[in-house]
Each structure stands twice: as C-alpha cells, then as structure tokens.
Amino acid sequence: MVTLAEVARHAGVSASTVSYVLSGKRSISAPTRERVEQSIKELGYHPNAGARALASSRSNIIALMVPLRTDMYVPVMMEVAIAVATTARAHGYDVLLLTGEEGPAAVRRVTGSGLADAMILMDVELEDERLPLLRDARQPTVLIGLPADTVGLTCVDLDFTATGALCAEHLAQLGHREIAVVGEAPAVYERHTGFAVRTLEGLRGRARELGLRLLHRPCEGSYESMAGALARIFDERPGTTGFVVQNEAAIDPLLSLLRRQGRAVPEDISVVAVCPDQVAAQASVRLTSVAIPAEEMGRRAVELVVAKLEGRGADEVTLLAPELTVRASSGPAPHTAP
C-alpha cells in the first residue's frame, strides 16, 4: 500500500504539504498542488479512511437507510440506492447501506457513533417514528419521501398526490366513470407509507371533482390475491371499466386474469399503472403509466444533502411533477367508443 510519505518523496515536497493538499486546510500554490495530485494519481494513493476521519472529524460517508420489506417492490428501491451511491461517489462520498427494519435504533446508531456525515432515508411513513431524532440530529438528513409534517426537514419525492389525480383525469377524459384502484399490500397502508396514501388521496380527491365512482382494493400481488381482489371488484362494481394499478407485482396477474375472463385491454377495460417505465413497456399489453423517477430522486437527495454538508442547503421540499405516458392499455370507455 502506497503511503503518504512515498507520495511526498515522489512529488518532492514534505509530508505535511501532501496532507494540506488532501485536507484543503491550508492554501497551497497551484503548481505544488498539481504536482502532488499527479503523484497521487501515478502512485495510486488512497488516504487511510480511519486516519482521515480522525484528522478531519469527517467520515466522507453518507448513510442510506432503506428497509428491504417483502411487501415493497425492491427493484425500485435498488434503483434509487444505485443512484444515491453513484452520485455520492461523484461528490467524493461513499455510501453505507442500512437495510434492516430498525427504525429509530438505526438513526441513533448513526448519530451517536459518527458512522456517517449525513443520512438519506427511504420508505418514509406519514407519522414516521424516526422524525423526532432526525430533527435533533447534528448530521444533515434528506428524506426520499414525504411525511405528514415536513417542518424542519428536507424532502424529495414524486408528487404522488398529483400522480393519483393525473391517473383519474386520464381515465375520465376517455369516458370512464367506474374506476377500481389495485393498491399495494395491506401492510403498506397499515404503516401509512407516504407514497401509497398520497396516491390514493389524489385519486379520491380528483374522482370526487370529476364525478367518478372509485373503489380501492389493496393486493398482495400474487396471482391468487389478485384473482380474489378482481372478483370482489366486479361483484361490487360490475360496471368498472378503468383500473389504476399501484403494485408492480399485481400487473401481470391482473392482465392475465382479464384476458382469461374475455375482457380485452383496452377495448373493454383500460389499465393505467404507477410503475417504472421498464415494467410498463414490458407488460403483455404496453401500459399507459406514470413513471417512478427513481434515479432522479436518488440524485436529487444526494445533491441536497451535499449542499447541507457544505453549508449551502436549507430545509426544503422538492416534489417532482408526474408525467403520464400513453401506451396501448388505455382507450375510450366501451359506452363512448364509436
């Protein structure tokens, strides 16, 4: 392993000069800095993380708290995590991934130990029990998600309320009046997870304004659970012609069941999904959808937390506007078709 002293000898400077170039604690002339940086590059020198942390009181690590639950769509979570990691690396930070369902205990471990300089949290609930600790923490924090009370917090998220409203508007414009919402697993709503609750609020609010009848049914996402939910939907609302799906695992079972029942998409039933573009484009019927901007959310979260670390950031809420892409799964309601 290359040492700091070897870098100093190679660059023809003192070890303290190399240290000052690395830490930025003193002004070093441009030619000397360039010579040291070239030696670091040629020798492949990497500062010792422990020593660097002791010297600077900084770990250059961002903790990302992303509980991996069986009732959540993990590929989206991982897409956000990858975006966080790559953006953090571009800013000179590494990422510590905390995947356990530890809640406040994980926050205490990070804030009390100095494991990380900052935190980014996902899977945010409306009344998230981690929030009081975050408001008191000395480390900057950004939430990917929106709690009920955002005072003293920095958040970035897709505007899920507007997303729900946009789905309702699209189906209403096509003449649909009876809409069913196939939602996330029941546990997601029981935890009052922000994105699911807000999407439903947006759907219900816009449906009332547009005079639509709306029925919501949570779903585990398996073929059996989707079959049960679909049977209940048509039993209760036999005139249903529009579906909004916010559950990636339920998409293929829903399309398969509709096909088996002889209900053509979009001639008989229109389907709109809230899901990644890849899922929508690869479904058996290409789905009209509102995309989850996972990469942008991860990137924005890192940029916000780095700004805070550099003393430039203030508490703010960033909501990304939803975009609906029309594909092959939505069309005029049967009674309005030519």
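For the structure, see preceding data.
Described below are features of the structure shown in this document. (Residues numbered from 1 in each chain as written. Predicted model: local features only at pLDDT ≥ 70, side-chain atom pairs only at ≥ 80, totals over all residues. Heavy atoms only, no water.)

Here the focus is the packing of helix H5 (residues 74-90) against helix H14 (residues 294-309). It is at 7 Å that the axes of H5 and H14 come closest, and there the two elements cross at 40°. When the interaxial angle is binned, H5 and H14 end up oblique. Relative to H14, H5 is oriented so that their crossing is right-handed. On H14, the residues that touch Val76, Glu79, Val80, Ala83, Val84, Thr87 and Ala88 of H5 are Ala294, Glu295, Gly298, Arg299 and Val302. Here the residues of the contact of H5 with H14 sort into seven nonpolar, two polar and three charged. (Axes fitted to C-alpha atoms, helices over the stretch in contact; angles between N-to-C directions. Helix = DSSP H or I, 4+ residues; strand = E, 2+ residues; numbered from the N terminus. Parallel < 35°, antiparallel > 145°, perpendicular 65-115°, else oblique. Left-handed = near helix turned anticlockwise from the far one by under 90°. Contact = heavy atoms within 4.5 Å. Nonpolar A, V, L, I, M, F, W, Y, C, P; charged D, E, K, R; others polar.)

What follows covers the packing of aromatic side chains. For any pair of aromatic rings, the description consists of the separation of the ring centres together with the inter-plane angle of the planes. Applying the stated criterion to the full structure yields two aromatic pairs. Taking the centre distance of 5.7 Å and the plane angle of 55° together, the rings of Phe160 and Phe195 count as tilted. In this pair, Phe160 is assigned in helix H8 (residues 160-173) and Phe195 in helix H10 (residues 194-210), connecting sequence segments 35 residues apart. For the pair Phe160 and Phe195, one class covers both residues: buried. Relative to Phe243, the ring of Phe234 lies with its centre 5.9 Å away and its plane at 65°, an arrangement referred to as edge-to-face. Note on Phe234: relative accessible area 10%, which makes it buried. Stacked on the ring of Phe234, the Lys or Arg Arg263 has its end atom at 3.7 Å from the ring centre. (Phe/Tyr/Trp six-rings, centres within 6.5 Å; stacked < 30°, edge-to-face > 60°. Buried < 20%, exposed > 50% of the residue type's maximum accessible area, 1.4 Å probe, protein only. Lys NZ or Arg CZ within 6 Å of the ring centre and 35° of its normal.)

Here strand E8 (residues 242-245) shows two buried faces, one formed by Gly242 and Val244 and the other by Phe243 and Val245. Here E8 pairs with strand E9 (residues 270-274) via four bridges, running parallel. Bridge assignment links Phe243 to a residue of E9, and that residue is Val271. Between the parallel pair E8 and E9, the chain is carried across by helix H12 (residues 248-260), and the sense of this crossover is right-handed. (Pairing = 2+ DSSP bridges. Right-handed = clockwise from strand over helix to strand, strands pointing away.)

The subject of this paragraph is H8. In this model H8 runs 20 Å from its N-terminal to its C-terminal C-alpha over 14 residues, within 8% of the 20 Å that 1.5 Å per residue would give. Looking at H8, one finds that the buried residues are Phe160, Thr163, Gly164, Ala165, Cys167, Ala168, His170, Leu171 and Ala172. Of the residues flanking the start of H8, the one acting as N-cap is Asp159, its side-chain oxygen 3.4 Å from the backbone nitrogen of Thr161. The positive-phi residue at the C-terminal boundary of H8 is Gly175, with phi of around 95°. (Expected span 1.5 Å × (residues − 1). Polar contact = N/O pair within 3.5 Å; in protein donor to acceptor, adjacent residues only side chain to side chain.)

Our next topic: the sheet that holds strand E4 (residues 141-144). Pairing is parallel across the open sheet formed by six strands, whose spatial order is E2-E1-E3-E4-E5-E11. Strands at the two margins of the open sheet, each flanked by one partner only, are strand E2 (94-98) and strand E11 (317-320). Going across the sheet, the axis of each strand differs from the next one's by a mean of 20°, ignoring polarity. Where strand E1 (residues 61-65) and E2 come together, five bridges link them in parallel fashion. Opposite Met65, over in E2, you have Leu98 as the bridge partner. Against the sheet, H14 engages E1, strand E3 (118-121), E4, strand E5 (155-158) and E11, with an angle of about 165° to E4.

Quick look at the pattern of salt bridges now. Counted according to the given criterion, the structure contains 16 salt bridges. Note that Asp123 and Arg69 form a salt bridge whose closest N and O atoms lie 2.6 Å from each other. Within this pair, whereas Asp123 is found in the loop between E3 and helix H7 (131-136), its partner Arg69 is found in the loop between E1 and H5, the two being separated by 54 residues in sequence. Classification of Asp123 by relative accessible area gives buried; the value is 7%. For Arg69, a relative accessible area of 15% puts it in the buried group. The partner of Asp315 in a salt bridge is Lys308, and the shortest N-O contact between them spans 2.9 Å. In the salt-bridge network here, residues are joined through shared partners; they are Arg69, Asp71, Asp123, Glu125 and Arg191. (Salt bridge = Lys/Arg side-chain N within 4 Å of Asp/Glu carboxyl O.)

Ile120 and Ile144 are the most contacted members of the largest nonpolar core, which totals 49 residues. The residue makeup of this core includes at least three contributed by each of domain 2 (61-158 + 294-320) and domain 3 (160-293). Ile144 has contacts with Val80, Val84, Ile120, Leu121, Met122, Asp123, Val124, Val156, Met297, Gly298 and Ala301, leaving out every residue within four places of it along the chain. Counting residues in hydrophobic clusters, the runner-up holds 27 residues, among them Ala229, Ile233, Leu258 and Val285. (Core = buried A, V, L, I, M, F, W, Y, C linked by side-chain atoms within 4.5 Å. Domains from an automatic or database assignment.)

Attention now goes to the packing of helix H1 (residues 4-11) against helix H3 (residues 30-43). As a packed pair, H1 and H3 sit with axes 9 Å apart at the nearest point and diverge in direction by 120°. In terms of orientation, H1 and H3 fall into the oblique class. The crossing of H1 and H3 is right-handed. In this structure, H1 contributes Glu6, Val7, His10 and Ala11 to the contact, and H3 contributes Arg35, Val36, Ser39, Ile40, Glu42 and Leu43.

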